[in-house]
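Chain residues, written in single-letter form:
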Amino acid sequence: MCIPIIDLVNFCGFNDWFLLAMIVTLLLMLIIMGPYRYEYAESFMSMFRFRSPDGDVSFPLLSTVENIFIYLLSCISIALAVAVYSQDLMEEGTSSIHFLLWYSSMMVSFFLLKLVCYTIVNKILYKRQVITLKPARWNCFFVMTFSVCALLILMFSILVIFLNIHLFALFVFAYLMRILNITGRIFKMKTALFKNSCSNLGFILYLCAFEIAPVVLEFIISSTILGLI
């Protein structure tokens, strides 16, 4: 017996506004990232070449406008995944869109602050020749890793909705991607960013400030304010 498409959609449990936001975000990300798909794959996988690590970072050569758009869309993608996990998408109206806008704004502010801190600290270290990688290159690399993980999380969120997969699978997948992302960046910090001689204490302080502290802050916000954990 054939199942009407409308029944299948209703069974998935989401309203039209949220579905529209997911589809538009996914299409825009694919339009921007699609022409650079091989560069994205090569750049992302370069973080895990542990046997023969690269002494530099690679990333798709997007324009400034494209980088800004992909950064904003990545934040929206994460917000969509959080909404799927924590919000009642069956509720009529635009309440889910309001949550999406609020959480996206928080994500944009958080990661923008992180990029600003990266730029300030890396400029100081670059001038002192502690690092030889230009701050702008590391920022582009950071946006690349963030956007790849955000796209994969968004695509998995869509699968969770349409295939009626348990929401805990989305939680596990999102944090698995976060762990892979952080692990790869830490490896690149050691092999590309700090490939010059650097004290272990300096590297650990840099690592705590830019990777460990943000994760702890995210955990506190998720568990106490948003109640996602």
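Residues numbered from 1 in each chain as written. Predicted model: local features only at pLDDT ≥ 70, side-chain atom pairs only at ≥ 80, totals over all residues. Heavy atoms only, no water.

Visitor: Explain the side chain of serine 43 to me, and be specific about the residues and the numbers.
Guide: By the element assignment, serine 43 lies in helix 3 (residues 37-45). Among the residues examined, serine 43 registers a relative accessible area of 3% and is labelled buried. Excluding its chain neighbours within four sequence positions, the residues that come into contact with serine 43 are Ser58, Phe59, Pro60, Phe141 and Met144. (Helix = DSSP H or I, 4+ residues; strand = E, 2+ residues; numbered from the N terminus. Buried < 20%, exposed > 50% of the residue type's maximum accessible area, 1.4 Å probe, protein only. Contact = heavy atoms within 4.5 Å.)

Visitor: Give me the lowdown on helix 2 (residues 16-33), citing residues and values where you can.
Guide: For helix 2, built from 18 residues, the straight-helix expectation of 26 Å at 1.5 Å per residue is met to within 8% by its first-to-last C-alpha distance of 26 Å. When helix 2 is considered as a whole, its buried residues turn out to be Phe18, Leu19, Ala21, Met22, Thr25, Leu26, Met29, Ile32 and Met33. (Expected span 1.5 Å × (residues − 1).)

Visitor: Describe the packing of helix 5 (residues 95-127) against helix 6 (residues 135-162), and please don't skip the residues or the numbers.
Guide: With their axes 9 Å apart at the nearest point, helix 5 and helix 6 run at an angle of 150° to one another. Relative to helix 6, the element helix 5 lies roughly antiparallel. Considering how the two elements wind past one another, helix 5 and helix 6 form a crossing that is right-handed. Where helix 5 approaches helix 6, its residues Met107, Phe111, Lys114, Leu115, Tyr118, Thr119, Asn122, Lys123 and Tyr126 are matched on the opposing element by Pro135, Trp138, Asn139, Phe142, Val143 and Phe146. (Axes fitted to C-alpha atoms, helices over the stretch in contact; angles between N-to-C directions. Parallel < 35°, antiparallel > 145°, perpendicular 65-115°, else oblique. Left-handed = near helix turned anticlockwise from the far one by under 90°.)

Visitor: I'd like a rundown of the environment of aspartate 88, residues and numbers included.
Guide: Among the secondary structure elements, aspartate 88 is positioned in the loop between helix 4 (64-86) and helix 5. C-alpha of aspartate 88 to C-alpha of asparagine 15: the two residues are 73 residues apart in sequence and 9.6 Å apart in space.

Visitor: Could you give me a rundown of the packing of aromatic side chains, with the residues and numbers involved?
Guide: Going through the model one piece at a time under the given rule, you end up with 15 aromatic pairs. Aromatic side chains phenylalanine 99 and tryptophan 102 sit 6.0 Å apart centroid to centroid with 50° between the ring planes, which places their arrangement in the tilted category. With phenylalanine 99 and tryptophan 102 both in helix 5 and three residues apart, this pair spans about one turn of that helix. Under the relative-accessibility criterion, phenylalanine 99 is labelled buried at 13%. (Phe/Tyr/Trp six-rings, centres within 6.5 Å; stacked < 30°, edge-to-face > 60°.)

Visitor: Account for the nonpolar core, with residues named and values stated.
Guide: One broad rule of soluble globular proteins: the nonpolar side chains tend to lie buried together. Grouped together as the largest cluster of nonpolar side chains are 62 residues, with contacts concentrated most on Trp138 and Tyr206. Of all the secondary-structure elements, those providing two or more residues to this core are helix 2, helix 3, helix 4, helix 5, helix 6, helix 7 (167-193) and helix 8 (200-225). Examining the composition of this core, we find that 16 residues originate from one element, helix 6, more than from any other. Sequence-distant contacts of tyrosine 206, that is, excluding residues within four places in its chain, are made with Tyr118, Val121, Asn122, Leu125, Trp138, Met189, Leu193 and Phe194. (Core = buried A, V, L, I, M, F, W, Y, C linked by side-chain atoms within 4.5 Å.)

Visitor: I'd like to hear about a nonpolar patch on the surface, residue by residue, with values.
Guide: Together, Trp17, Leu20, Ile23, Val24, Leu27, Leu28 and Ile31 give the surface a local cluster of nonpolar side chains, amounting to about 680 Å² of exposed area. Looking at the element boundaries, tryptophan 17 is found in helix 2. (Patch = residues over 30% accessible without salt bridge, like charges linked within 9 Å, V, L, I, M, F, W, Y side chains within 5 Å. Areas by Shrake-Rupley, 256 points an atom, 1.4 Å probe, with all protein chains shown as cover. Salt bridge = Lys/Arg side-chain N within 4 Å of Asp/Glu carboxyl O.)

These results come straight from atomic positions and should not be treated as a statement about function.
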